[in-house]
Amino acid sequence: MTSYCGAPPDPVELMSRWNLDPALLVALGAGALLARRSQRPNLVLAAIGVLALAFVSPLCALSVSLFSVRTVHHLLIVTAAAPLLAMAFPARLAVLPGVAFAVATATLWAWHLPSLYDAALAHTVIYWLMQATLLASAFWFWQAMFAAPPVTGALFATLGMAQMGMLGALLTFATTPLYATHVATTLPWGLEQVADQQIAGLIMWVPGIIPYALAVAVIARRAWVKAATAA
């Protein structure tokens, strides 16, 4: 079966592999209309731009070949689009950051189980279930984190950083191929499958934790501004 993003591309054809699925383009356009309902429309448009990069650009096709690029794809959703939307649509009431963290973490880790991952790349419905649950759970977590008191928010940002680093470490130190989907797809790109997995782990382990560190800085700045205003 073929992935939603198509067959694995080779290096020669990659730049011609734009995904112009009408349903996807309509969905992204409808999402952009949400900017009118936010006090921060630029954040919504930025999130839509990130999602377009992930699903419309040749990155979508390349993620079928390389697990490391799939990792970048997931990070764009979980640590870029989701926090932008969470800042654009802040929670009006305090929510439970612990529950949101548990759900978001479980969702991310579950979709990296070989059986679920391979199924998602083989079936379009499961593929979109993966994308939707990753975005929704990450949005909930970032929204809860930003709505929490500063100390609590910073704590859960740190926990988010830790779980991302742990998952990255597991992939980095895996010495056997984990995903049947990528048995032969990495070779045209000059990579063995295990090497591709290790690169994916390093991407998750190092740059993948940066957004959480930035969140700690944002939360600290908000607390400082609030304290300064109150004084």
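Residues numbered from 1 in each chain as written. Predicted model: local features only at pLDDT ≥ 70, side-chain atom pairs only at ≥ 80, totals over all residues. Heavy atoms only, no water.

The next point concerns the overall build of the protein. Along its length, the protein carries 10 helices and zero strands. When its helices and strands are written in sequence order, the protein yields α-α-α-α-α-α-α-α-α-α. By the compact-globule yardstick of 17 Å for 231 residues, the protein fits well, its C-alpha radius of gyration being 18 Å. Seen through its principal axes, the protein has C-alpha atoms that stretch 60 × 40 × 25 Å. Expressed as a percentage of the 231 residues in the protein, the buried residues total 45%. By sequence separation, contacts in the protein at least 24 residues apart represent 78% of the contacts at least 6 residues apart. Element-wise, carbon and sulfur atoms account for 74% of the exposed surface of the protein, whose accessible area totals about 11200 Å². Positive and negative side-chain charges in the protein, numbering 9 and 6 respectively, have mean positions lying 31 Å apart. (Helix = DSSP H or I, 4+ residues; strand = E, 2+ residues; numbered from the N terminus. Rg over C-alpha atoms; globule rule 2.2 N^0.38 Å. Buried < 20%, exposed > 50% of the residue type's maximum accessible area, 1.4 Å probe, protein only. Contact = heavy atoms within 4.5 Å. Areas by Shrake-Rupley, 256 points an atom, 1.4 Å probe, with all protein chains shown as cover. Lys, Arg positive; Asp, Glu negative; His and termini not counted. Charge placed at Lys NZ, Arg CZ, Asp CG, Glu CD.)

Summed over all chains, the structure comprises one cavity of 30 Å³ or more. By volume, the largest cavity amounts to about 90 Å³. Forming the boundary of the largest cavity are 13 residues, of which V78, A104, T105, Q163 and Y212 lie nearest the centre. Of all elements in the fold, only α5 (97-110), α7 (124-147) and α8 (150-172) reach the threshold of two or more residues within the lining of the largest cavity. At five residues, the largest contribution of residues to the lining of the largest cavity is made by α7. By residue class, the composition of the lining of the largest cavity is nine nonpolar, four polar and no charged. (1 Å grid on protein atoms, 1.4 Å probe; cavity = no way out; pocket = protein on both sides within 12 Å on 5 of 7 lines; lining within 4 Å. Points joined across faces, edges and corners; volume = space filled by probe spheres on them. Nonpolar A, V, L, I, M, F, W, Y, C, P; charged D, E, K, R; others polar.)

This part covers helix α6 (residues 114-122). Along α6, the positions that sit buried rather than exposed are Y117, D118, A120 and L121. Looking straight down α6, one finds its buried side chains confined to an arc of 160 degrees; they lie on one side. Considering only its buried residues, α6 is in contact with α3 (59-65), α4 (67-88) and α7. (Arc of directions from axis to C-beta.)

The next point concerns the side chain of N19. The residue N19 is located in the segment before α1 (22-33) in this model. Those residues within four positions of N19 in sequence are excluded, and the remaining contacts are Y4, L24, F55, V56 and C60.

This next bit is on the environment of V183. Structurally, the position occupied by V183 is in the loop between α8 and α9 (193-205). For V183, a relative accessible area of 54% corresponds to the exposed category. Between the alpha carbons of V183 and S65 there is a distance of 9.5 Å; along the sequence they are 118 residues apart.

On to a nonpolar patch on the surface, then. On the surface, M15, W18, L20 and L25 cluster together into a nonpolar patch covering about 460 Å² of accessible area. Among the structural elements, M15 can be located in the segment before α1. (Patch = residues over 30% accessible without salt bridge, like charges linked within 9 Å, V, L, I, M, F, W, Y side chains within 5 Å. Salt bridge = Lys/Arg side-chain N within 4 Å of Asp/Glu carboxyl O.)

So, on to α9. Taking 1.5 Å per residue as the helical rise, α9 with its 13 residues ought to reach 18 Å, and the 18 Å between its terminal C-alpha atoms agrees with that figure. Along α9, the residues that are buried comprise Q193, V194, D196, Q197, A200, G201 and M204. Take α9 and look down its axis: the buried residues cluster within an arc of 160 degrees, on one side only. Tucked inside the fold, the buried residues of α9 contact α4 and α8. (Expected span 1.5 Å × (residues − 1).)

So, about the nonpolar core. General note: in soluble globular proteins, nonpolar side chains tend to be found buried as a group. Within the largest apolar cluster, 59 residues are counted, with the highest numbers of intra-cluster contacts made by F141, W142 and M145. Examining the composition of this core, we find that 12 residues originate from one element, α4, more than from any other. Setting aside residues up to four positions removed in sequence, M145 forms contacts with G153, F156, A157, A215 and I219. (Core = buried A, V, L, I, M, F, W, Y, C linked by side-chain atoms within 4.5 Å.)

Here we take up the UniProt feature "transmembrane region" (unreviewed entry) in the protein. Sequence positions flagged by UniProt for "transmembrane region" (unreviewed entry) are, in local numbering, residues 43-66, 94-113, 125-142, 154-179 and 199-220. Overall, residues 43-66 shows 83% helix and 0% strand. The separation of its end C-alpha atoms is 29 Å. A helix fraction of 100% and a strand fraction of 0% characterise residues 125-142, whose end C-alpha atoms lie 26 Å from each other. (UniProt positions renumbered as here; feature names shortened; annotations may be inferred.)

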